[in-house]
Amino acid sequence: MLREKRTPRTYPYITPILKSSLPFLFDNKKFLAAVFKWASNEAVTHVALFRIETYILQGAANIASVFNKPGMSASFSYSFALGKCFGMKDKAIEVYRKDDSGTRLRPMLGSNVPDEDRIMFKTHNGLVAAFMGVGLASSTERLERHLTESLVSVGTSGKWEYFPDLAAFFEFHLGGSIVKMICGSLLFEECPNFLDDLWQYDKIALDILKGVPRFWNSNAFTLRQQLINHLKQFHTRAKEESARCDCHSHGFAPDSDFDPFWGSRLVRERIEMLEATKGQDEDSIASANLGLIWATVTNIIPSTTTIAHHVFRDKNLLSEIRIIASTSIRSNNPTCFDFRSLEKSPLLMSIYAESVRFGIQINVPRVSPYADVVVGNYFIPRNKLILINTWHAHTDESIWNTQNGKHPLENYWARRFVVDPKDNTSGPTRNSWLGKKSDLNVKGSDGTYFSLDGLDGAWIPYGGGGNMCPGRILAKRIMLLMTAMLTTDFEIEILADEQSQEYVSDRFGFGARKPVKEIPFRIRRRTVHLEIL
């Protein structure tokens, strides 16, 4: 007998017009914790927000089922972010809002969007090519080169050098290298303050998203416009240089993933695509590229900082990582790493996976524009916003292993994803959870292995399904590379007290956790890379 589908219960609110909007926006973690507690184990809860009917989802199996349903779209949230966070005008956003065709080659069933207006597919396809497909190797090589150049002057005296904040160190060196990987050096030549303005904006951008008016938040709006102006200036200069110079005389082919003026084929072709799209102008194109840059760095940098912070605090862990990294240096090029070798280490893969589990605390949005969504016994009407919170999924004690509380899910545990067949308390999941096997597992030479088994719908730092973040493979490589370079080439001593080394969730719902205070440290270059044991 078929069970009747139920309408999800509505979480109670007090304010008639704003409903639950204020607690949702201004203390998202506390609000969602209250919602999940109130809902108990119910798969779906309806939350009434101002002008937006929202459905909060929980439970790994339910999350996996929604991610894997055909016809799920992320265009609503993408267009919302372009307008709120990156300053795109309504006229330009309209083509994004109307594109309900999806990100796959074949449009969603029911969509009538013309091919020339499929901006979500074109945008997604360009990112996939650059960060997962044919451009992945080139992107990785450029990142490694820029990062090596950035770090070359650090610790050259052989003496300890003091820095006031670990996060700021990563923002400058790794953040700058990632932006150069995407846009090249011309952006910084033309706009030397771009990186400083970007990180200043990152600290206050969420105030715009929360609806704080301009007269109370003028600095955020000013910084956003400065960044848009920087990118417009860069675009103009890159066009001038491209028109003036022969690509062959600069040592690259037109189909190369590297471009001496735009920085990458991705940016060059993205500009061409956007210029050919209705309603777009130089301002909207700059807004779109600001979104690309911000999204690329805003979670990778704090996640990589988290890895370094925990690795350099633990001498035994640091020693193990150094051996792994040192043996992954390419024999034909001692300044470069073999990524396949790094990715074969269960421990390295675990510290990466744990960093994004521990740190990424976002609300992943989905909308089903053409069909109602059924989740378990619950019914969600079509065209309504569905939110999946990664923090709640990443701290679900019914699934995740804590070794009987020894390693709480609110803490970072480097070996959480390492399974030791000799230890039945190891691994990321509780023994009672029998879930889907993962094809991303990595077996080590010592019999241990990195495992994501049973974590479908539970480990979701990149979302899931057809709209999963296209930069996930590149993000993994960046985190592994920075970890390998720092542990191989440098000694780092964390100088902060224990209280300063705690993490805060002030970006909860929209980004990654960061240290609650600045973490001072000192650094010097190592003279020996590989110790023979």
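Refer to the structure printed above.
Criteria and cut-off values
Residues numbered from 1 in each chain as written. Predicted model: local features only at pLDDT ≥ 70, side-chain atom pairs only at ≥ 80, totals over all residues. Heavy atoms only, no water. Patch = residues over 30% accessible without salt bridge, like charges linked within 9 Å, V, L, I, M, F, W, Y side chains within 5 Å. Areas by Shrake-Rupley, 256 points an atom, 1.4 Å probe, with all protein chains shown as cover. Salt bridge = Lys/Arg side-chain N within 4 Å of Asp/Glu carboxyl O. Helix = DSSP H or I, 4+ residues; strand = E, 2+ residues; numbered from the N terminus. Buried < 20%, exposed > 50% of the residue type's maximum accessible area, 1.4 Å probe, protein only. Pairing = 2+ DSSP bridges. Expected span 1.5 Å × (residues − 1). Axes fitted to C-alpha atoms, helices over the stretch in contact; angles between N-to-C directions.

1. Description of a nonpolar patch on the surface
Part 1 of the reasoning: Together, Ile-17, Leu-18, Leu-22, Phe-26 and Phe-50 give the surface a local cluster of nonpolar side chains, amounting to about 470 Å² of exposed area.
Part 2 of the reasoning: Note that Phe-50 resides in the loop between strand E1 (44-49) and strand E2 (52-57).
Part 3 of the reasoning: Among the residues examined, Phe-50 registers a relative accessible area of 36% and is labelled partly exposed.

2. Here's the deal with the sheet that holds strand E13 (residues 442-443)
Part 1 of the reasoning: The strand order across the open sheet built from three strands is E12-E14-E13, with neighbouring strands paired in antiparallel fashion. Each edge of the open sheet is held by one strand with a lone partner, namely strand E12 (418-419) and E13.
Part 2 of the reasoning: Of the strand pairs in this sheet, E13 and strand E14 (residues 449-450) are connected by two bridges, and their pairing is antiparallel. When the sheet's bridge partners are listed, Val-442 is paired in E14 with Phe-450.

3. Regarding helix H17 (residues 346-359)
Part 1 of the reasoning: For H17, built from 14 residues, the straight-helix expectation of 20 Å at 1.5 Å per residue is met to within 8% by its first-to-last C-alpha distance of 20 Å.
Part 2 of the reasoning: Of all 14 residues in H17, 14 are buried; the element is thus mostly enclosed.

4. Let's talk about unusual backbone geometry
Part 1 of the reasoning: The residue Ser-40 is not glycine, and still its phi comes out positive at about 60 degrees.
Part 2 of the reasoning: For Ser-40, a relative accessible area of 43% gives the class partly exposed.
Part 3 of the reasoning: A positive phi angle is found at Arg-51, which is not glycine, with a value near 70 degrees.
Part 4 of the reasoning: Take Arg-51: it is sitting in the loop between E1 and E2.
Part 5 of the reasoning: By relative accessible area, Arg-51 is classed as exposed at 77%.

5. A few points about the pattern of salt bridges
Part 1 of the reasoning: With the rule as written, the count across this model stands at 24 salt bridges.
Part 2 of the reasoning: With a shortest N-O distance of 3.1 Å, Asp-202 and Lys-514 are connected by a salt bridge. With a gap of 312 residues between them, Asp-202 in helix H10 (residues 194-209) and Lys-514 in strand E18 (residues 514-515) connect regions that are remote in the sequence.
Part 3 of the reasoning: With relative accessibility at 17%, the residue Lys-514 sits in the buried group.
Part 4 of the reasoning: Within this structure, Asp-90, Glu-94, Arg-97 and Lys-98 form a network of salt bridges that share partners.

6. Examining the sheet that holds strand E19 (residues 521-525)
Part 1 of the reasoning: The three strands are arranged E3-E19-E15 in an open sheet whose pairing can be described as antiparallel. One side of each edge strand has no neighbouring strand; the edge strands of this open sheet are strand E3 (161-163) and strand E15 (490-494). The sheet shows a mean angle of 25 degrees between the axes of neighbouring strands, direction not considered.
Part 2 of the reasoning: With three bridges joining them, E3 and E19 adopt antiparallel strand pairing. Residue Glu-161 lies in a different strand from E19, and its bridge partner there is Ile-523.

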